[in-house]
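Reading the structure
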Amino acid sequence: MSDSKPVKGLKAPLTQTFPALESARDSGFDLASSVGEIVDNSIQANATRIRIKTVEAEDGSAIVKMAFADNGDGIPLDYLASVLSLGYSSRYNSRTGMGRFGVGLKLASLALSRCVEVYTKTRDGAAVYCTALDLDAVRSGEQTELTVREVTGFPEEFAGLMADPTGTTFASGTLVVWADIDRLPIGGGNGRARSARDVFADKREVRKAQLEKYLARTYRAYLAKGIAIELDGLMIDLYDPTFQLHTPRMVRQFGEDLRGKIIQETDEKTVVIDGHPVHIRVALAPLATRAERGQGARAFEHLFLTTQDSRLDDHNQAISMLREGREIYYALVPQMYPPDKSGSADLDRFIGVEVSFPATLDEYFRVRNVKRGAEPVAELRAKIRDFIRNPIIEARKQIREDWERAVHERHTGPADRGHEHALDVIERSARKMPVSAPKPDASPEREQQVLFDLAEDHGIDPKDDANAEVMDTLRQRFHERAIMITDSGWPGKDMFDIEHLSGKFVLKINHRHPFIRDVYDVVKQMAAKQPTEFDLDEVRRLLMKVDVAFDVLFTAYAKAENMHQDPDGAYGELRSYWGVITAGMLNEGLADL
């Protein structure tokens, strides 16, 4: 300021230390993003093992301490005093690694804990040094600066973390301790009165499951390279939304190392911003996780690490964004997936979209200091949307084709499979039913042809000696039962076909018909689920579909009758028989349920 002079006695410090530090606690960090900042520092310090431990209050009401240990290079003594100083960074505005502003350790720690301690041992020294920031000590005036102390060793409570599973002490590394956590309630414990804060507290299992999921997905590229991350004794298995990386979880679930199918991905020249490539990948989950509609929920839930408070729909149309190999965003990006008129709510959860970019493009992705969230600018957003459109449409098509194939394969095999209960009901209620009108005896040749047709409908060659046992079973059922139900599929609009023989009939259900495919089959699949597999929204959508389908079915039958000039004369008796027989069979069948 030119032509000015200071007014004597009127000045103030640039910051009011305690209010500034207290305000910094509300900088947007939650548990996952706070933990992520510490893990980032460990990885950048060349750590190959990172161990995290939580400590709960005696009454189980809250997490009161957390410790983070690594076997990295340690913090150089010249830097140690400054690592907890707001505004200091040895990598300020760096675009060469995961960090950028250098505020992560401080803000992430203060967001949850009133006191943070940092202990470190470098590779070229034997001593352990410590620095600490205690908000209560700052408020009381006991702490006015950050100092470094040489200590006899790592604190006894967490010293065991500074060693590998064999007990061998790390040659170097850093231990960060959140010593006074006051923002992680996990519900009232031991019957004590619940505070307002407790009402909104996540349960212990939920918090840890969410943190496990975050670590598994966020650091998947580093876990794949051999870096080990441990949470309360649990080794974290990576989770890759595009299913391209090896994970023990997949092997445990399915017995083999399944990988997803890449539908399409960019090369170095496809999407380039300011000379830097953006890598985009669209992939489809392994067939084993989605082979049959409605039947893969439990396996898929396990792979997605979902909890009772985290539904599969959270993964619908999600996009994973990686900055320098570290995920900073995983959620729905509005209007990025192409619309689907036939409904894709149960399809898109099996599609993985990953966008990876270097830190030099932070402005184009609007990366925030908490490394939680990315919002591509309009031009970049359009490029990503245009690239993923066709592969997503192709992936949806493949899923539908796989589901149709599974329905067909499920219905191949001996006749009557899946209809046993209905057939048992029919047999028991037969004595109450009106007697069928007599029909001419079918010739042995005719019955043999019907039997062969049944076999061929299920992909069985009736003349192949290898199928002799299956044919014997089919022949026995054919002769024992007055009614047979078989599943098939053929082009056309017929819902079913009936083969009338002497004293019996064969009902063939056409699983290509929309009513059978989209209503009947879906209801049967839902009925086969275990109670723990039900998604209430999915059940509600199905009931709404069934509600409409039944109205359509009755109306369509009435319309079909109306096509005849004399519908009452032609179909009146049929209508009565249908109602009587349906009532009798339902009374018998529903009594068992």
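Refer to the preceding data block for the structure.
One structure accompanies this document, and this report is about it. Worth saying up front: this structure is predicted, and the values here are computed from it rather than measured.

Here we look at the overall build of the protein
A count of helical and extended segments in the protein gives 18 helices and 18 strands. A total of 593 residues make up the protein; the buried ones form 45% of that total. A separation of at least 24 residues holds for 63% of the contacts in the protein among residues at least 6 apart in sequence. Accessible surface for the protein amounts to roughly 31400 Å². Of this, 53% is attributable to carbon and sulfur atoms.

Remarks on the sheet that holds strand β9 (residues 261-265)
With mixed pairing, the 5 strands of this open sheet are ordered in space as β9-β12-β15-β13-β14. This sheet does not close on itself; its edge strands, each paired only once, are β9 and β14 (326-332). Shown here is a sheet whose adjacent strand axes are inclined to one another by a mean of 20°, direction ignored. As defined by bridge partners, strand β13 (residues 318-323) adjoins strand β15 (residues 351-357) across 5 bridges and the pair is classed as parallel. Looking across to β15, one finds that Arg323 is bridged to Phe357.

A short note on the side chain of Thr289
Tracing the sequence through the fold places Thr289 in the loop between β12 (279-284) and α10 (297-304). Of note is the side chain of Thr289, whose polar atom sits 2.8 Å from the backbone oxygen of Pro286.

Let's talk about empty space enclosed by the protein
Unfilled space is identified by rolling a water-sized probe across the atoms. Taken as a whole and assessed by the stated rule, the structure comprises 2 cavities of 30 Å³ or more. What the largest cavity holds in volume is close to 80 Å³. As for the largest cavity, its lining consists of 11 residues, of which Tyr239, Asp240, Phe243, Thr247 and Met250 are closest to the centre. For the lining of the largest cavity, the per-class residue count stands at 7 nonpolar, 1 polar and 3 charged. Here the second largest cavity defines a volume of roughly 30 Å³. Along its surface, the second largest cavity is lined by Leu31, Thr54, Ile63, Met66, Arg207, Lys208 and Leu211. Breaking the lining of the second largest cavity down by element, the ones donating at least two residues are β2 (63-70) and α7 (204-218). Ranked by residue count, the leading element in the lining of the second largest cavity is α7, at 3 residues. Among the residues forming the lining of the second largest cavity, the class breakdown is 4 nonpolar, 1 polar and 2 charged.

Considering the packing of aromatic side chains
The tally for this structure, following the rule as stated, stands at 7 aromatic pairs. With centroids separated by 6.3 Å and ring planes inclined at 85°, the aromatic side chains of Phe350 and Trp403 adopt a geometry described as edge-to-face. Here Phe350, found in the loop between β14 and β15, pairs with Trp403, found in helix α12 (residues 378-410); they are 53 residues apart in sequence, far enough to count as distant. Grouping residues by exposure puts Phe350 and Trp403 together as buried.

Digging into helix α4 (residues 104-112)
Of all 9 residues in α4, 9 are buried; the element is thus mostly enclosed. Taken together, the buried positions of α4 are occupied by Gly104, Leu105, Lys106, Leu107, Ala108, Ser109, Leu110, Ala111 and Leu112. Close packing links the buried residues of α4 with α1 (17-24), α2 (31-44), β3 (115-121), β4 (128-134), α5 (135-140) and β6 (173-178).

Regarding the state of the cysteines
If you walk through the whole model with that rule in mind, you get 0 disulfides. Cys115 takes part in no disulfide bond, and the closest cysteine sulfur, belonging to Cys130, lies 9.0 Å away. Residue classification places Cys115 among the buried residues on the basis of a relative accessible area of 9%.

Structural notes on the pairing of strand β17 (residues 496-501)
Across 6 bridges, β17 lies against strand β18 (residues 504-510) in antiparallel orientation. Bridging across to β18, Leu501 finds its partner in Lys504. Counting the residues that bridge the hairpin from β17 to β18 gives 2 residues, and of these Gly503 lies at a positive phi of roughly 75°.

Comments concerning the pairing of β6
Two faces belong to every sheet, and in a regular strand the side chains alternate between them. Of all 6 residues that make up β6, 6 are buried, and the element is covered over most of its length. In β6, alternate side chains face the same way, and those of Gly173, Leu175 and Val177 on one face and Thr174, Val176 and Trp178 on the other are all buried. Pairing geometry for β2 and β6, over 5 bridges, is antiparallel. Bridge assignment links Met66 to a residue of β6, and that residue is Trp178.

Overview of the nonpolar core
If you look at the biggest cluster of nonpolar residues, it comprises 82 residues, and the most contacted ones within it are Met66 and Phe365. If you tally residues by element for this core, the top one is α12, at 8 residues. Every residue in contact with Met66, bar those within four places of it in the chain, is listed here: Leu31, Val35, Ile52, Lys53, Thr54, Val176, Val177, Trp178, Ile181, Leu184 and Leu211. Counting 14 residues, the second-largest nonpolar core is a separate cluster that includes Ala69, Leu161, Phe170 and Leu175.

Thoughts on helix α16 (residues 514-527)
Taking 1.5 Å of rise per residue, 14 residues should cover 20 Å, and α16 covers 19 Å from first to last C-alpha, within 8% of that figure. Helix geometry: α16 is bent most strongly at Asp521, by close to 25°. By the burial criterion, the buried members of α16 are Phe515, Ile516, Val519, Asp521, Val522, Gln525 and Met526.

Remarks on unusual backbone geometry
Within the chain, Phe243 stands out as a residue other than glycine whose phi angle is a positive 55°. Inspection of the secondary structure assignment puts Phe243 in the loop between β8 (234-235) and α9 (248-254). In this model, Asp274 sits at a positive phi of 50°, which is unusual for a non-glycine residue. Checked against the element boundaries, Asp274 lands in the loop between β10 (272-273) and β11 (276-277). We classify Asp274 as exposed; its relative accessible area is 57%.

Cut-off values and rules
- Residues numbered from 1 in each chain as written.
- Predicted model: local features only at pLDDT ≥ 70, side-chain atom pairs only at ≥ 80, totals over all residues.
- Heavy atoms only, no water.
- Helix = DSSP H or I, 4+ residues; strand = E, 2+ residues; numbered from the N terminus.
- Buried < 20%, exposed > 50% of the residue type's maximum accessible area, 1.4 Å probe, protein only.
- Contact = heavy atoms within 4.5 Å.
- Areas by Shrake-Rupley, 256 points an atom, 1.4 Å probe, with all protein chains shown as cover.
- Pairing = 2+ DSSP bridges.
- Axes fitted to C-alpha atoms, helices over the stretch in contact; angles between N-to-C directions.
- Polar contact = N/O pair within 3.5 Å; in protein donor to acceptor, adjacent residues only side chain to side chain.
- 1 Å grid on protein atoms, 1.4 Å probe; cavity = no way out; pocket = protein on both sides within 12 Å on 5 of 7 lines; lining within 4 Å.
- Points joined across faces, edges and corners; volume = space filled by probe spheres on them.
- Nonpolar A, V, L, I, M, F, W, Y, C, P; charged D, E, K, R; others polar.
- Phe/Tyr/Trp six-rings, centres within 6.5 Å; stacked < 30°, edge-to-face > 60°.
- Disulfide = S-S within 2.5 Å.
- Core = buried A, V, L, I, M, F, W, Y, C linked by side-chain atoms within 4.5 Å.
- Expected span 1.5 Å × (residues − 1).
- Bend = angle between axes of the 7 residues up to and from the residue.

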